[in-house]
Amino acid sequence: MLYSAFIFGLISSLHCIGMCGPIAMMLPVNRQNEAKKVIQIMTYHTGRLTAYASIGLIFGLLGRGFFLAGLQQKMSIFIGLAMILVALIPEKVFSKYNFSKPVYKIISKIKSSLGNQFKNRSYKSLFIIGLLNGFLPCGMVYVALFGAIAMQSASLGVLYMILFGLGTLPLMTIVVYINSMIKLPFRNKIQKAIPYVAVIIGILFILRGLGLGIPYVSPSNISLFVQKVPNCH
């Protein structure tokens with residue numbers, strides 16, 4: 001299931017361009033020294049991947065808790081259904097509710113700190129810009145976090161989110177170089193494809209939870225419940 005993280009990141013990166021593209025376009029990189037510019041951009045991406053890995057660790061631990069409780073199959077099915085619902089429910093329905101309200105002050109501080117970092121061209125500032133960027137609310141990241149929970153371990157949760165971040169890297173790098181490369185009509189077409197990709201990934205998680213004996217997709221030995229009686233041999 002790890003491969004789905006990279007694919008989803010790759011497809012959803014056009015959504016990222018709309019949301020985080022302006023941040024990437026305004027990066028205080030060196031426009032004259034190409035080698036230094038590349039290192040600066042990679043420093044920014046390292047910050048983003050660090051943020052994704054951090055939240056992947058938290059949600060991976062949450063998934064580990066469900067795994068230890070013997071709920072991993074049910075959780076995989078639930079997460080798959082949740083992904084499909086998020087993809088199918090119109091965005092305007094979600095726009096009626098401010099899910100970020102409980103952490104509004106924290107988000108405001110992140111945005112304020114983000115703005116201050118653009119005044120400096122140091123590698124530290126570029127890393128912090130990427131780090132703060134990664135913590136900003138994003139619907140695509142929320143969907144990816146469902147996958148991190150289903151990984152059933154902290155390490156795999158981290159890896160899942162890193163692969164998602166790596167999937168967004170190509171287009172997020174291109175936008176720094178050529179702001180107008182991706183035309184709006186093409187971006188809109190890809191935008192329409194994102195829900196279908198999320199539904200396909202959701203179906204994969206459901207199949208994984210059902211344990212139908214399909215190699216690599218729905219293995220029959222997925223149910224790994226915790227032993228009630230310790231094996232002391």
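So, how was this worked out
- Residues numbered from 1 in each chain as written.
- Predicted model: local features only at pLDDT ≥ 70, side-chain atom pairs only at ≥ 80, totals over all residues.
- Heavy atoms only, no water.
- Helix = DSSP H or I, 4+ residues; strand = E, 2+ residues; numbered from the N terminus.
- Contact = heavy atoms within 4.5 Å.
- Areas by Shrake-Rupley, 256 points an atom, 1.4 Å probe, with all protein chains shown as cover.
- Expected span 1.5 Å × (residues − 1).
- Buried < 20%, exposed > 50% of the residue type's maximum accessible area, 1.4 Å probe, protein only.
- Core = buried A, V, L, I, M, F, W, Y, C linked by side-chain atoms within 4.5 Å.
- pLDDT = per-residue confidence, 0-100.
- Patch = residues over 30% accessible without salt bridge, like charges linked within 9 Å, V, L, I, M, F, W, Y side chains within 5 Å.
- Salt bridge = Lys/Arg side-chain N within 4 Å of Asp/Glu carboxyl O.
- Axes fitted to C-alpha atoms, helices over the stretch in contact; angles between N-to-C directions.
- Left-handed = near helix turned anticlockwise from the far one by under 90°.
- Nonpolar A, V, L, I, M, F, W, Y, C, P; charged D, E, K, R; others polar.
- Phe/Tyr/Trp six-rings, centres within 6.5 Å; stacked < 30°, edge-to-face > 60°.

Draft legend 1. Layout of the overall build of the protein chain. Along its length, the protein chain carries 9 helices and 0 strands. Seen in sequence order, the protein chain has helices and strands lined up from the N terminus as α-α-α-α-α-α-α-α-α. The contacts in the protein chain between residues at least 6 apart in sequence include a share of 81% that link residues at least 24 apart. For the protein chain, the accessible area works out to roughly 12,900 Å², and carbon and sulfur atoms hold 69% of it.

Draft legend 2. Broad picture of helix α7 (residues 139-150). With 12 residues, α7 ought to run about 16 Å at 1.5 Å a step, and its terminal C-alpha atoms sit 18 Å apart, in line with that. A large share of α7 lies buried, amounting to 9 of its 12 residues. Within the sequence span of α7, burial applies to M140, V141, V143, A144, L145, G147, A148, I149 and A150. Where α7 terminates, the next one or two residues include Q152, which has phi positive at roughly 70°.

Draft legend 3. Representation of helix α6 (residues 123-135). Its 13 residues give α6 an end-to-end C-alpha distance of 19 Å, which sits within 8% of 18 Å, the value for a rise of 1.5 Å per residue. When we look at burial in α6, the residues that qualify are S125, L126, I129, G130, L132, N133 and G134.

Draft legend 4. Spatial organisation of the nonpolar core. Counting 30 residues, the largest nonpolar core has F8, V141, M161 and F164 as the members making the most contacts within it. Broken down by element, this core gets its largest block of residues, 8 residues, from α7. With sequence-adjacent residues up to four places away left out, F8 is seen in contact with M140, V143, A144, F164, I194, V197, A198 and I201. Ranked by size, the runner-up nonpolar core spans 14 residues in total, among them I23, A24, V29 and I129.

Draft legend 5. A look at the environment of L136. Within the element layout of this structure, L136 appears in the loop between α6 and α7. Along the chain, L136 and A51 lie 85 residues apart, while their C-alpha atoms are 9.6 Å from each other.

Draft legend 6. Seen up close, the side chain of H45. Its place among the elements puts H45 in helix α2 (residues 34-68). Here H45 falls in the buried class, since its relative accessible area comes to 1%. Not counting chain neighbours up to four residues away, the residues in contact with H45 comprise L169, M172 and T173.

Draft legend 7. Spatial organisation of the environment of Y196. In this structure, Y196 sits in helix α9 (residues 184-210). The exposed category is assigned to Y196, whose relative accessible area is 62%. The spatial distance from the C-alpha of Y196 to the C-alpha of A87 is 7.5 Å, given a sequence separation of 109 residues.

Draft legend 8. The arrangement of the confidence of the model for the protein chain in detail. Across the protein chain, the average pLDDT comes to 75, with 69% of residues at 70 or higher. The model gives residues 222-233 a pLDDT under 50, and that stretch makes 14 contacts with residues more than four places away or in other chains.

Draft legend 9. Structural view of a nonpolar patch on the surface. A surface patch of nonpolar side chains, amounting to about 410 Å² of accessible area, comprises Y3, F6, I7, L10 and L166. With 4 residues, the single largest contributor to the nonpolar patch is helix α1 (residues 2-25). Using a relative accessible area of 33% as the deciding quantity, one classes F6 as partly exposed.

Draft legend 10. Focus on the packing of α7 against helix α8 (residues 154-177). With their axes 9 Å apart at the nearest point, α7 and α8 run at an angle of 145° to one another. When the axes of α7 and α8 are compared, the crossing they make is right-handed. Residues M140, V141, A144, L145, G147 and A148 of α7 form the contact with α8, whose participating residues are G157, Y160, M161 and F164. Residues belonging to the contact of α7 with α8 are distributed by class as follows: 8 nonpolar, 2 polar and no charged.

Draft legend 11. Highlighting the packing of aromatic side chains. Under the definition given, this model contains 2 aromatic pairs. For the ring pair Y52 and F164, a centre distance of 5.7 Å and an interplane angle of 65° mean the geometry is edge-to-face. Placement of Y52 in helix α2 and of F164 in helix α8 is noted, with a sequence separation of 112 residues between them. With a relative accessible area of 4%, Y52 lands in the buried category. An aromatic cluster of at least three residues, connected via ring pairs, comprises F8, Y52 and F164.

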